[in-house]
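Residue strings, one per chain:
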Amino acid sequence: MMNIALIGFMGVGKTTVSHALSERLGIEETDIDQWIVEKTGRPIAEIFEKEGEQAFRDRETEAIKELASGDGRILSCGGGAVLRACNVEALKRDGVIVLLTAEPETIFERVRCGKSRPVLNGNMNVGYIAHLMEKRRPAYEAAADFAVPTDGKPVEQIAEEIAERIGDKL
Ligand SMILES: Nc1ncnc2c1ncn2[C@@H]1O[C@H](COP(=O)(O)OP(=O)(O)O)[C@@H](O)[C@H]1O
Ligand SMILES: O=C(O)C1=C[C@@H](OP(=O)(O)O)[C@@H](O)[C@H](O)C1
Ligand SMILES: [Mg+2]
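Calculation rules
- Residues numbered from 1 in each chain as written.
- Chains lettered and ligands numbered in written order.
- Predicted model: local features only at pLDDT ≥ 70, side-chain atom pairs only at ≥ 80, totals over all residues.
- Heavy atoms only, no water.
- Helix = DSSP H or I, 4+ residues; strand = E, 2+ residues; numbered from the N terminus.
- Rg over C-alpha atoms; globule rule 2.2 N^0.38 Å.
- Buried < 20%, exposed > 50% of the residue type's maximum accessible area, 1.4 Å probe, protein only.
- UniProt positions renumbered as here; feature names shortened; annotations may be inferred.
- Contact = heavy atoms within 4.5 Å.
- Salt bridge = Lys/Arg side-chain N within 4 Å of Asp/Glu carboxyl O.
- Phe/Tyr/Trp six-rings, centres within 6.5 Å; stacked < 30°, edge-to-face > 60°.
- Near = heavy atom within 4 Å.
- Polar contact = N/O pair within 3.5 Å; in protein donor to acceptor, adjacent residues only side chain to side chain.
- Areas by Shrake-Rupley, 256 points an atom, 1.4 Å probe, with all protein chains shown as cover.
- Nonpolar A, V, L, I, M, F, W, Y, C, P; charged D, E, K, R; others polar.
- Pairing = 2+ DSSP bridges.
- Axes fitted to C-alpha atoms, helices over the stretch in contact; angles between N-to-C directions.

Chemist: Could you give me a rundown of the overall build of the protein chain, with the residues and numbers involved?
Modeler: When you go through the protein chain residue by residue, the secondary structure sums to 8 helices and 5 strands. Secondary structure elements in the protein chain, listed N-terminal to C-terminal, are β-α-β-α-α-α-β-α-β-α-α-β-α. Its C-alpha radius of gyration of 15 Å places the protein chain within 12% of the 15 Å reference for a compact globule of 170 residues. When its C-alpha atoms are laid out on the principal axes, the protein chain stretches across 45 × 35 × 25 Å. For the protein chain, the residues scored as buried account for 46% of the 170 residues in total.

Dropping the structure here:
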C-alpha cells in the first residue's frame, strides 16, 4: 500500500488531522516530528537551539527516507519538510501527497499560544506568517497531489474530505 503524506504550513492541522484520518481509514500514522523527538530524546525546540536548524533538517531528511520506504502509512510531516527536493522525491515515490492550507489569520489563532515552533520564535504575528507562507507556497503547491483548505472546518470533516479525494488511489 502507498503512503499518505500530509504537508503544509505550521498550524494547518497536519498532526491533528493525521490522527483522525488514521482512525477513519484504519491505517497507522507516524508524526515525523514526534519520531525525531523519540529518537533524539529532545523536543524540536531544543534540537533547533542546541544543534541548529540545519541539523534538524538533516534529522528530518533521515526520518523521511526511512519512514517513506515503509509499507504504507500516514505520515504527518513538519511544515518545512517539502523545502528539500530529496524529501519530496522520497514522499512521492510511493505515496500521495496531501496539502492542507489555511489563511494566515487562522494559523495565527491556532499557534499563537504554543512555544514549540522555533521557526516562529520572535515572529509570532500574522504579517510574518503571511510572508513565510508566500515564500513557501511554490514548494507546497509543487509537491502536492491535491489541496484541502481547512479554515472553519472541523477536523473530522477534513479527514473525510481527504479520504474521499484519495478514494481508489489507495
Ligand atoms: N480544523 C481545525 N480547526 C480548529 N483547530 C484546529 C484544526 N486543526 C488543528 N487545529 C488546532 O491547531 C493547532 C495546530 O494543529 P497541528 O495539528 O499541531 O498543526 P500542524 O501539525 O500542521 O502544525 C492545535 O492546537 C490543533 O488542535
Ligand atoms: O515549518 C517548519 O519549518 C517547522 C514545522 C514544525 O512542524 P509543524 O508544521 O507540525 O508545526 C516542525 O517540524 C519544526 O518546528 C519546523
Ligand atoms: Mg505537526
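Here the narrative resumes.
Chemist: Explain the UniProt feature "binding site: ATP" (unreviewed entry) in the protein chain to me, and be specific about the residues and the numbers.
Modeler: Residues annotated by UniProt as "binding site: ATP" (unreviewed entry) correspond here to G11, V12, G13, K14, T15, T16 and R117. Here V12 is to be found in the loop between β1 (3–7) and α1 (14–25). The exposure class of V12 is buried, given its relative accessible area of 2%. Beyond its immediate sequence surroundings of up to four residues, V12 is in contact with I7, L100, T101, A102, I107, R110 and T150. With respect to the element layout, T16 can be found in helix α1.

Chemist: Can you lay out the pattern of salt bridges for me, pointing to particular residues and giving the numbers?
Modeler: Tallied over the full model, the rule gives 13 salt bridges. Across the salt bridge formed by R59 and E51, the nearest N and O atoms sit 3.0 Å from each other. In this structure, R84 and D58 form a salt bridge, with 2.8 Å as the shortest nitrogen-oxygen distance. Of the two residues, R84 sits in the loop between β3 (74–76) and α5 (85–93) while D58 sits in helix α4 (residues 53–68), which places them 26 residues apart along the sequence. Look at R84 and you get partly exposed, because its relative accessible area is 24%. Looking at D58, the relative accessible area reads 43%, which means it is partly exposed. When salt bridges with common partners are traced through the structure, they connect R42, E46, K50, E51 and R59 into a single cluster.

Chemist: How would you explain the packing of aromatic side chains if you had to name every residue and give the values?
Modeler: Think of a pair of aromatic rings as described by two things: how far the centres are apart, and how the planes are tilted against each other in angle. Tallied over the full model, the rule gives 1 aromatic pair. Aromatic side chains F48 and F56 sit 5.0 Å apart centroid to centroid with 40 degrees between the ring planes, which places their arrangement in the tilted category. What makes F56 buried here is its relative accessible area of 3%.

Chemist: Lay out the site of ligand 1 with the relevant residues and their values.
Modeler: Lining the immediate surroundings of ligand 1 are 13 residues, of which G11, K14, T15, T16 and K153 lie closest. G11 places a polar main-chain atom, nitrogen or oxygen, 2.8 Å from an oxygen atom of ligand 1. At a separation of 3.0 Å, an oxygen atom of ligand 1 approaches a polar backbone atom of G13. Only α1 and α8 (155–166) provide two or more residues apiece to the shell around ligand 1. Per-element tally for the shell around ligand 1: the top contributor is α1, with 3 residues.

Chemist: Could you give an account of the site of ligand 2, with specific residues and numbers?
Modeler: Around ligand 2 sit 13 residues, and of these K14, D33, R57, R117 and R136 come closest. Between K14 and ligand 2, the recorded distance is 2.7 Å, taken from a side-chain N or O atom to an oxygen atom. Between G80 and ligand 2, the recorded distance is 3.3 Å, taken from a backbone N or O atom to an oxygen atom. Protein chains shield 96% of the accessible area of ligand 2, which is 390 Å² for the free molecule. Of the residues in the shell around ligand 2, the class split is 5 nonpolar, 3 polar and 5 charged.

Chemist: Which residues make up the sheet that holds β1, and what values do they have?
Modeler: A sheet is described by the order of its strands in space; here 5 strands give the open sequence β2-β3-β1-β4-β5, paired in parallel fashion. Sheet topology places β2 (29–31) and β5 (146–149) at the edges, where each strand pairs with a single neighbour. In this sheet, neighbouring strand axes are inclined to one another by 20 degrees on average, regardless of whether the strands run parallel or antiparallel. Pairing between strand β4 (residues 95–101) and β5: 4 bridges, direction parallel. Looking across to β5, one finds that T101 is bridged to P149. The sheet contacts of helix α2 (residues 32–40) involve β2 and β3, and relative to β2 the element is tilted by about 70 degrees.

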